[in-house]
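Residue strings, one per chain:
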Amino acid sequence: MNEKTLFEKIYDGEIPAAIVYKDDVCCCFRDIDPQAPVHLLLIPRKPLPSIEQATPDDAALLAHLMLKVGEIAREQGLAKSGFRVVINNGPDAGQAVPHLHLHILGGRSLQWPPG
Ligand code: AMP
């Protein structure tokens, strides 16, 4: 069996994290190195390595994640002020953990374009 990814271990409770939301499909926790006052990571339970490797079989999973973004952002008080959702894919984007994750960033004005 393949070694679990860091984020699978967080989902399974084997590595501690500040979890703000969890269900059978995904979980959301605070980034350990926050780049904004609110910096969350939303991950699927399924260890999909990257968004680029998603297939049509993952359509329901991806829809679930997208809907949770809005719910979690509202719950975190980000809906009015605004927030950003980022998926880093591959080396040029600086993807460090090979398990799909959506960064949810907010609580300050965010620059555009990103670096
Ligand atoms: P990326 O560069 O898009 O792959 O983002 C990986 C993110 O995971 C970074 O923002 C890290 O700060 C974050 N991270 C790494 N280890 C942990 C951890 N144990 N708990 C929470 N966040 C983590």
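Here the structure is shown first, and the text comes after it.
Calculation notes
Residues numbered from 1 in each chain as written. Predicted model: local features only at pLDDT ≥ 70, side-chain atom pairs only at ≥ 80, totals over all residues. Heavy atoms only, no water. Helix = DSSP H or I, 4+ residues; strand = E, 2+ residues; numbered from the N terminus. Buried < 20%, exposed > 50% of the residue type's maximum accessible area, 1.4 Å probe, protein only. Contact = heavy atoms within 4.5 Å. 1 Å grid on protein atoms, 1.4 Å probe; cavity = no way out; pocket = protein on both sides within 12 Å on 5 of 7 lines; lining within 4 Å. Points joined across faces, edges and corners; volume = space filled by probe spheres on them. Nonpolar A, V, L, I, M, F, W, Y, C, P; charged D, E, K, R; others polar. Salt bridge = Lys/Arg side-chain N within 4 Å of Asp/Glu carboxyl O.

Caption draft 1: The overall build of the chain, seen in detail. Scanning the chain from N- to C-terminus turns up two helices and five strands. Mapped in sequence order, the helices and strands of the chain form the string α-β-β-β-α-β-β. With the C-alpha coordinates aligned to their principal axes, the bounding extent of the chain is approximately 45 × 30 × 30 Å. Within the span of the chain, comprising 115 residues, buried residues form 37% of the whole. When contacts within the chain are restricted to residue pairs at least 6 apart in sequence, long-range pairs at least 24 apart make up 53% of them.

Caption draft 2: Quick peek at the layout of surface pockets. The space that makes up the largest pocket amounts to roughly 350 Å³. As for the largest pocket, its lining consists of 14 residues, of which Gln35, Arg84, Val86, Leu105 and Pro114 are closest to the centre. It is strand E4 (residues 83-86) that provides the largest number of residues to the lining of the largest pocket, a total of three residues. Partitioning the lining of the largest pocket into residue classes produces six nonpolar, six polar and two charged. In this model, the second largest pocket occupies a volume close to 300 Å³. For the second largest pocket, the lining is made up of 19 residues, of which Leu6, Phe7, Asp31, Ile32 and Leu41 are closest to its centre. Here the lining of the second largest pocket gets three residues from one element, more than from any other, and that element is helix H1 (residues 6-11). A breakdown of the residues in the lining of the second largest pocket according to their chemical character gives 11 nonpolar, five polar and three charged.

Caption draft 3: How the structure looks around the pattern of salt bridges. With the rule as written, the count across this model stands at five salt bridges. We note a salt bridge from Lys4 to Glu14, for which the minimum N-O separation is 2.5 Å. Taken together, the residues span a long stretch of sequence, with Lys4 in the segment before H1 and Glu14 in the loop between H1 and strand E1 (19-22) at a distance of 10 residues. Between Glu71 and Lys68 there is a salt bridge, with the nearest N and O atoms lying 3.0 Å from each other. Of the two residues, Glu71 and Lys68 both sit in helix H2 (residues 59-75), three residues apart, roughly one turn of that helix. Shared partners join several salt bridges into a network, and the residues in it are Lys4, Asp12 and Glu14.

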